[in-house]
Amino acid sequence: MSDVLLSVDHFTKRFGGVTAVNDCSFSVESGSITALIGPNGSGKTTLFNMITGYLKADSGSITFNGETITRPRPADLYRKGLSRTFQQARIFPELTVIENLVVAAGYSWKGLFGKRVSLDDEVRAQKMLHEFRLESLAQLPSGELSYGQRKLLEFAAVLMSEPSLVLLDEPTAGVNPVMIDTMERHIRERNAAGVTFLIVEHDMQLVMRLCNPVVVLDQGSPIAFGAPATIQTDPLVLEAYLGS
Ligand SMILES: Nc1ncnc2c1ncn2[C@@H]1O[C@H](COP(=O)(O)OP(=O)(O)O)[C@@H](O)[C@H]1O
Ligand SMILES: [Mg+2]
């Protein structure tokens, strides 16, 4: 039996005369690494922003973990176990690498009980540093990291909230091949540990080997949904990409 963790129901968003997302519905199964792909301007980032509460939808809702939410708010979702990264990594550049991780822990569900930085958060931050092999950079201001290292740190920081669902917006865009492998490995490891992913990604080779199913967006609506091999030969998908 399929177990839906997130469903997006009839999301629509217009910017003036542009309908960026158009009556969009799909679902993400618990335990999956689901890809969201589509030509430039097809509405992927807008959709991510609506799901995670950074942008108000004109209409539609999400259902996360069985709870229907018509007005998602980032902090609430974070506490409920849904967190995300951004196309341009958002970290605190003036804080050190380890400080970024400790701060991120403060936003976890434990934050509900007014808990500030605790020994437990510090220990978890150290473990995360180790898992991501960032120990040697621990005391460096994060603003001094390379582009790829920032993306890795943002991913690690997001995991500090112990999310059940992580949305990644172009995790490998602009990063070098070694860092792509590193990112892929971490996604796989965390997925094996039970974390569900929804990933916007342009690297089709990565999508094909990492993700299943794949949702294809065109002009703000899903035009195909299924296994990567099926998607690859879908005439509607080929037309959407060639026509763009
Ligand atoms: N803040 C905005 N104001 C006006 N138009 C926007 C805005 N954000 C996105 N759009 C438009 O909405 C469409 C979808 O954009 P976007 O979600 O960024 O696509 P993708 O991430 O798939 O490249 C595009 O036509 C884009 O120009
Ligand atoms: Mg985008």
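Cut-offs applied
Residues numbered from 1 in each chain as written. Chains lettered and ligands numbered in written order. Predicted model: local features only at pLDDT ≥ 70, side-chain atom pairs only at ≥ 80, totals over all residues. Axes fitted to C-alpha atoms, helices over the stretch in contact; angles between N-to-C directions. Helix = DSSP H or I, 4+ residues; strand = E, 2+ residues; numbered from the N terminus. Parallel < 35°, antiparallel > 145°, perpendicular 65-115°, else oblique. Left-handed = near helix turned anticlockwise from the far one by under 90°. Contact = placed C-beta atoms within 7 Å. Nonpolar A, V, L, I, M, F, W, Y, C, P; charged D, E, K, R; others polar. Pairing = 2+ DSSP bridges. pLDDT = per-residue confidence, 0-100. Core = buried A, V, L, I, M, F, W, Y, C linked by C-beta atoms within 7 Å. Buried ≥ 20, exposed ≤ 12 C-beta atoms within 10 Å, placed from the backbone. Domains from an automatic or database assignment.

To continue, consider the packing of helix H3 (residues 97-105) against helix H5 (residues 147-159). Two elements in contact, H3 and H5, have axes separated by 8 Å at closest approach and are oriented at 30°. Of the possible angle classes, the one that applies to H3 and H5 is roughly parallel. Classified by chirality, the crossing of H5 by H3 is right-handed. Contacts from Val-97, Asn-100, Leu-101 and Ala-104 in H3 reach Leu-153, Ala-156 and Ala-157 in H5. Class assignment of the residues belonging to the contact of H3 with H5 gives a composition of six nonpolar, one polar and no charged.

Here we have six strands laid out as an open sheet, ordered S6-S7-S8-S3-S9-S10, and mixed in their pairing. For this open sheet the edge positions go to strand S6 (82-84) and strand S10 (221-226), each flanked by a neighbour on one side alone. The average undirected angle you get between the axes of adjacent strands in this sheet is 20°. Bridge count for strand S7 (residues 165-169) against strand S8 (residues 196-200) is five bridges, and the pairing is parallel. Its bridge partner being in S8, Asp-169 is matched across the sheet by Val-200.

Averaged over every residue, the pLDDT of the protein chain is 91; residues scoring 70 or more account for 94%. Predicted confidence is poor over residues 108-112, with pLDDT under 50, and the contacts of this stretch with residues over four places away or in other chains come to eight contacts.

As a further point, take the nonpolar core. Leu-101, Ala-156 and Ile-199 are the most contacted members of the largest nonpolar core, which has 64 residues in total. Tallying contributions element by element places H5 first for this core, with seven residues. Both of domain 1 (1-81 + 163-244) and domain 2 (90-162) provide at least three residues apiece to this core. Aside from chain neighbours lying at most four places away, what touches Leu-101 is Ala-125, Met-128, Leu-129, Ala-156, Ala-157 and Met-160.

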